[in-house]
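What follows is each chain in one-letter form.
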Amino acid sequence: MSPAMTGATPQLTRAAAKTATPLKPILKPSPSLLGTRRTSDDAGLDDDDMESSQSPRKRPRVEFDLNNIEIHEIGARSVDEIKKEIRKALDRHDQGDDEDYDILKETLSGKQSLDDDDEDEDADPTLPAKRREELKVYLVSLASFSPRLGRSCDGLVKSVLQCQWLGRDDQFAKIYVQFLAALVSAQGARLTQVLSAIVERFTDSRPSDWAVPNYPNVSRDEAQERLHVALRYLLQLFPSTKPVLEHLIATKYPFHDESKRMHLAYVDNLLRLRSYCPELNAEIIDLIISKLVKIDVEMQMDLDDMDDRLAAMVAMALKSSRENGNQDEDDSDESDAESVDSDESEDDEYTRVKTAKENIEKMDSILDTLFELYTPSFADPDSDEALEAFEDLLSEFSNLILPTIKSRHTQFLIFHFGQKSERLMDAFCGTCINIAFESQRPLILQQAASAYLASFVARGAHVPGHIVVKIFEVLGFHLDQMRALYETTCRGPDVRRYAPFYALMQALMYIFCFRWQDLIRAVPDEVDKDDLSTYLDQEIEWEAEIKDIMRRNIYSKLNPLKVCSPVIVEQFAKLAHRFRFMYVYPLIESNKRLRLSQFSVGAYSSGGALRDLSFDANDESWQQLGSFFPFDPYQLPLSKRWVEDDYLQWRPIPGLNQDDRDDDSDEDEQDGENEEEVEEDTATDDEAGEDE
């Protein structure tokens, strides 16, 4: 792509997505910031409604009824007695005496009873259980003092919110949720604080994260269920919860260097939230995709910077992790830290390999989850449900994925589901075409859209031949228009001035290299369609205009073969020659004597600034397009199962290289070895150099 392309992720508006596709608008309404409190009856919180909405993976249903919770007395102390104690502590706190207030904070944090259980058990075996039960009475009693829990009681509220409630018994969890609702109802300003305490637990995934001593073990599903019952209850009682929650789920999202376990737990909880809060559907998917793209970019940049030895170490680490079934995942953080401390001399290499491995595993697992999430919507690819789901994916593509040049795997969501029906293929191709040829779009987006379109058509195993021909003709039409516009002022090849033309020309050559069979109208009788070698050196009849489109533009003053990626140019030249489609080797030879700098415009045309930066004056790669085609082979080990059948691999043609003009047999053999080493790294995978 253009030298100006970077891995940044500029954010487009959803209005941009609307102009980029002929489909119905994908704009999502902004949630209202206004809301009124409703009672539990208004919220419809009966037994059935409070049952959990299922996440994308089916879980056992956990019954959790928030109604009819009545506690009058536990052990020797009644609710009235504890209310008097709380009132006394609050009154004295208002007067500046915090002794009772501090005791109350300690009690409501849930820590005091746990610390004293062991020593009190000898005196009275039933006392620890009574104290655990008494904490429920404190919560029920404190709820009646909610109007007094303003800013002066921040410490007390913080203690209650830090209480480990997920790992206690079911009744305690219900009482706790009711207290949260009472607190928010009386102190609306504490809504953000309460929601923040809940969302912070989205990263919890191990029993040790919520376990409470002397309580029965609580499963992950049950702990997660309690979190979402609390959220759903607050959402139904307080409509103003939604905009606050939208902000919080973004700010609390794990940092990119957090563990795979935390990322997966957080994404899983977001998807559960999405299932019962459809108003946040678009925001949640936006958030997940945007974070995923950042990990994708970082992962690809890290791998690009590694030498072969480090890359091999990453591959070995991934293989070892798969073979162990991630059994040591829970202890990975501790063991990794110990390993780093024990061998400081290899700290940098170890950190790089570990980071790359973790990013790959995060990407792999989250993408696998998203593939699984969307699959049910495409059970009938021609349904309105499928189209609506695909519109959402198109919006994510236009706003988040397309502007991020270094994205490597996230885009395969659109690649996989976009091939489910011709209607969806047309929607994606139309989106790319609109972006590629809208003059108000930044050049970088136009070039990226051309690359995405070409890669989709070339690599999509389910894209039928007639669509390949149609896209080729549409792109050829636009290419002719660009050529007519640019040739009037063209002195010679210049990637900076005519980048959209070269990107489009490269896209057509790329499509030709992969889908040449679909561009053929008729072949002689001796051609066997299952034996690719029989196509060589035959008089083939091509679809109308295909030859003329390529010839007009290749031999134009813009001279695209000089600027387009040498890998793609060489492969196209080889195929075009052996199929008697076009003979471009003389032009390639003459281009070797042509210097791009003589036609370049701008500050670097003279090469002076480049010399100051120690650039090689004979290196013209910076003035050529890169071989950016975003649907090159998918390498993630777990989630690749979704795209394996959708992907058209490069098929080498036996005997194709026998006629190479400048390479003797020894050079061919050496080239074959080099291509094996970089297989799947280039736009055409360089497999074309291998003969069978």
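Every value quoted in this text rests on a predicted model; they were computed, and no experiment measured them. (Residues numbered from 1 in each chain as written. Predicted model: local features only at pLDDT ≥ 70, side-chain atom pairs only at ≥ 80, totals over all residues. Heavy atoms only, no water.)

**Quick word on the overall build of the protein**
Argument step 1. Of regular secondary structure, the protein possesses 27 helices and 4 strands.
Argument step 2. Per-residue burial for the protein yields a buried fraction of 53% across its 692 residues.
Argument step 3. Contacts in the protein between residues at least 24 apart in sequence constitute 79% of all its contacts with a sequence separation of at least 6.
Argument step 4. Accessible surface computed for the protein: about 31,400 Å², of which carbon and sulfur atoms make up 47%. (Helix = DSSP H or I, 4+ residues; strand = E, 2+ residues; numbered from the N terminus. Buried < 20%, exposed > 50% of the residue type's maximum accessible area, 1.4 Å probe, protein only. Contact = heavy atoms within 4.5 Å. Areas by Shrake-Rupley, 256 points an atom, 1.4 Å probe, with all protein chains shown as cover.)

**Some thoughts on the nonpolar core**
Argument step 1. Core analysis: the largest hydrophobic core is formed by 192 residues, its most contacted members being Leu-273, Phe-390, Phe-428, Trp-516, Met-550, Phe-579 and Phe-581.
Argument step 2. In terms of residue count, helix 21 (residues 499-515) provides more of this core than any other element does, 13 residues in total.
Argument step 3. Phe-579 has contacts with Phe-512, Trp-516, Tyr-535, Leu-536, Gln-538, Ile-540, Trp-542 and Ile-653, leaving out every residue within four places of it along the chain. (Core = buried A, V, L, I, M, F, W, Y, C linked by side-chain atoms within 4.5 Å.)

**Side note on helix 24 (residues 566-578)**
Argument step 1. Under the 1.5 Å per step criterion, the end-to-end length of helix 24 is 18 Å for 13 residues, consistent within 8% with the ideal 18 Å.
Argument step 2. Every buried residue of helix 24 is listed here: Ile-568, Val-569, Gln-571, Phe-572, Ala-573, Lys-574, Leu-575, Ala-576 and Arg-578.
Argument step 3. Residues of helix 24 that are buried in the fold lie against helix 21, helix 22 (546-554), helix 23 (560-563) and helix 25 (585-591).
Argument step 4. Among the residues trailing helix 24, Arg-580 stands out with phi positive, at a value near 55°. (Expected span 1.5 Å × (residues − 1).)

**Regarding a negative patch on the surface**
Argument step 1. On the surface, Asp-380, Asp-382, Glu-385 and Glu-388 cluster together into a negatively charged patch.
Argument step 2. Relative to the elements of secondary structure, Glu-388 occurs in helix 16 (residues 384-401).
Argument step 3. Using a relative accessible area of 48% as the deciding quantity, one classes Glu-388 as partly exposed. (Patch = residues over 30% accessible without salt bridge, like charges linked within 9 Å, V, L, I, M, F, W, Y side chains within 5 Å. Salt bridge = Lys/Arg side-chain N within 4 Å of Asp/Glu carboxyl O. Lys, Arg positive; Asp, Glu negative; His and termini not counted. Charge placed at Lys NZ, Arg CZ, Asp CG, Glu CD.)

**Here's the deal with the pattern of salt bridges**
Argument step 1. Here the structure, examined in full by the defined rule, presents 32 salt bridges.
Argument step 2. The shortest N-O distance in the salt bridge between Lys-105 and Asp-102 comes to 3.7 Å. Highlighted residues: Lys-105 and Asp-102, both in helix 3 (residues 99-108), separated by 3 residues, approximately one helical turn.
Argument step 3. The salt bridge involving Asp-632 is made with Arg-459; its shortest N-O contact spans 3.6 Å. Of this pair, Asp-632 sits in the loop between helix 26 (608-612) and helix 27 (665-677) while Arg-459 sits in helix 19 (residues 443-459), and the two are 173 residues apart along the sequence. The pair formed by Asp-632 and Arg-459 is uniform in burial state, with each residue classed as buried.
Argument step 4. Look at the salt bridges and you will find they share partners, linking Asp-480, Arg-483, Glu-487, Glu-545 and Arg-552 into a network.

**A short note on empty space enclosed by the protein**
The gaps of empty space that remain are located by a probe, the size of a water molecule, rolled over the atoms.
Argument step 1. For the coordinates displayed, the defined rule picks out 8 cavities of 30 Å³ or more.
Argument step 2. Taken as a whole, the largest cavity spans an internal volume of roughly 70 Å³.
Argument step 3. Contributing to the lining of the largest cavity are Cys-513, Phe-514, Trp-516, Leu-532, Leu-575, Leu-648, Gln-649, Trp-650, Arg-651 and Ile-653.
Argument step 4. For the lining of the largest cavity, a count of residues per class yields 8 nonpolar, 1 polar and 1 charged. (1 Å grid on protein atoms, 1.4 Å probe; cavity = no way out; pocket = protein on both sides within 12 Å on 5 of 7 lines; lining within 4 Å. Points joined across faces, edges and corners; volume = space filled by probe spheres on them. Nonpolar A, V, L, I, M, F, W, Y, C, P; charged D, E, K, R; others polar.)

**Considerations on the confidence of the model for the protein**
Argument step 1. For the protein, the average pLDDT comes to 80, and 75% of its residues sit at 70 or higher.
Argument step 2. Per-element confidence in the protein ranges from a low mean pLDDT of 40 for helix 26 to a high of 97 for helix 17 (residues 412-417).
Argument step 3. Low pLDDT, under 50, characterises residues 603-617; the predicted model gives this stretch 11 contacts beyond four residues in sequence or across chains.
Argument step 4. A low-confidence stretch, residues 661-692 stays under pLDDT 50, and its non-local contacts, those more than four residues away or across chains, total 61 contacts. (pLDDT = per-residue confidence, 0-100.)

**Re the environment of Val-474**
Argument step 1. Examined against the element boundaries, Val-474 turns out to sit in helix 20 (residues 465-486).
Argument step 2. Residues Val-474 and Ile-433 lie 41 residues apart in sequence; the distance between their C-alpha atoms is 8.8 Å.

**Some points on the environment of Phe-572**
Argument step 1. Mapped onto the secondary structure, Phe-572 falls in helix 24.
Argument step 2. Its relative accessible area of 0% is what places Phe-572 among the buried residues.
Argument step 3. Taking C-alpha positions, Phe-572 is 7.7 Å from Tyr-510, a pair spaced 62 residues apart along the chain.
Argument step 4. The residues contacting Phe-572, other than those within four sequence positions of it, are Met-509, Phe-512, Cys-513, Met-550, Ile-554 and Phe-581.

**Observations regarding the packing of aromatic side chains**
Describing an aromatic ring pair means giving the distance of the ring centres and the angle of the ring planes.
Argument step 1. Using the criterion set out here, one finds 34 aromatic pairs in the structure.
Argument step 2. Here the aromatic rings of Trp-165 and Tyr-176 are separated by 4.8 Å at their centres, their planes lie at 15°, and the arrangement is stacked. Of this pair, Trp-165 sits in the loop between helix 6 (154-161) and helix 7 (170-186) while Tyr-176 is found in helix 7, placing the two residues 11 residues apart along the sequence.
Argument step 3. With relative accessibility at 4%, the residue Trp-165 sits in the buried group.
Argument step 4. Using a relative accessible area of 2% as the deciding quantity, one classes Tyr-176 as buried.
Argument step 5. Ring geometry for Phe-378 and Phe-417: centres 4.6 Å apart, planes at 20°, overall stacked. Placement of the pair is Phe-378 in the loop between helix 15 (347-374) and helix 16 and Phe-417 in helix 17, with a sequence separation of 39 residues. One exposure class covers both Phe-378 and Phe-417, and it is buried.
Argument step 6. By the ring-pair criterion, three or more aromatic residues cluster together here, those being Phe-397, Phe-412, Phe-415, Phe-428, Tyr-452, Phe-456, Phe-631, Tyr-634 and Tyr-647.
Argument step 7. Over the face of the ring belonging to Phe-172 we find Arg-168, whose NZ or CZ atom lies 5.0 Å from the ring centre. (Phe/Tyr/Trp six-rings, centres within 6.5 Å; stacked < 30°, edge-to-face > 60°. Lys NZ or Arg CZ within 6 Å of the ring centre and 35° of its normal.)

**Here's the deal with the packing of helix 12 (residues 281-304) against helix 15**
Argument step 1. Remark: helix 12 packs on helix 15, axes separated minimally by 9 Å, with the N-to-C direction vectors making an angle of 145°. In terms of crossing hand, the pair formed by helix 12 and helix 15 is left-handed. On helix 15, the residues touching Ile-285, Ile-288, Ile-289, Leu-292, Ile-295, Asp-296, Glu-298, Met-299, Asp-302 and Leu-303 of helix 12 are Arg-352, Thr-355, Ala-356, Asn-359, Ile-360, Lys-362, Met-363, Ile-366, Leu-367, Leu-370, Leu-373 and Tyr-374.
Argument step 2. Tallied by class, residues from the contact of helix 12 with helix 15 come to 15 nonpolar, 2 polar and 5 charged. (Axes fitted to C-alpha atoms, helices over the stretch in contact; angles between N-to-C directions. Left-handed = near helix turned anticlockwise from the far one by under 90°.)

**Some words on unusual backbone geometry**
Argument step 1. In this model, Glu-545 sits at a positive phi of 75°, which is unusual for a non-glycine residue.
Argument step 2. In this fold, Glu-545 is placed in the loop between strand 4 (541-542) and helix 22.
Argument step 3. The phi dihedral of Asn-559 falls on the positive side, at around 45°, and the residue is not glycine.
Argument step 4. Mapped onto the secondary structure, Asn-559 falls in the loop between helix 22 and helix 23.

**Remarks on the packing of helix 12 against helix 16**
Argument step 1. It is the contact of helix 12 with helix 16, at a shortest axis distance of 10 Å, that shows an interaxial angle of 45°. Relative to helix 16, the element helix 12 lies oblique. As helix 12 runs across helix 16, the sense of the crossing is right-handed. Residues Asn-281, Ala-282, Ile-285, Asp-286, Ile-289, Ser-290 and Val-293 of helix 12 lie in contact with helix 16, whose contacting residues are Asp-392, Glu-396, Leu-400 and Ile-401. (Parallel < 35°, antiparallel > 145°, perpendicular 65-115°, else oblique.)

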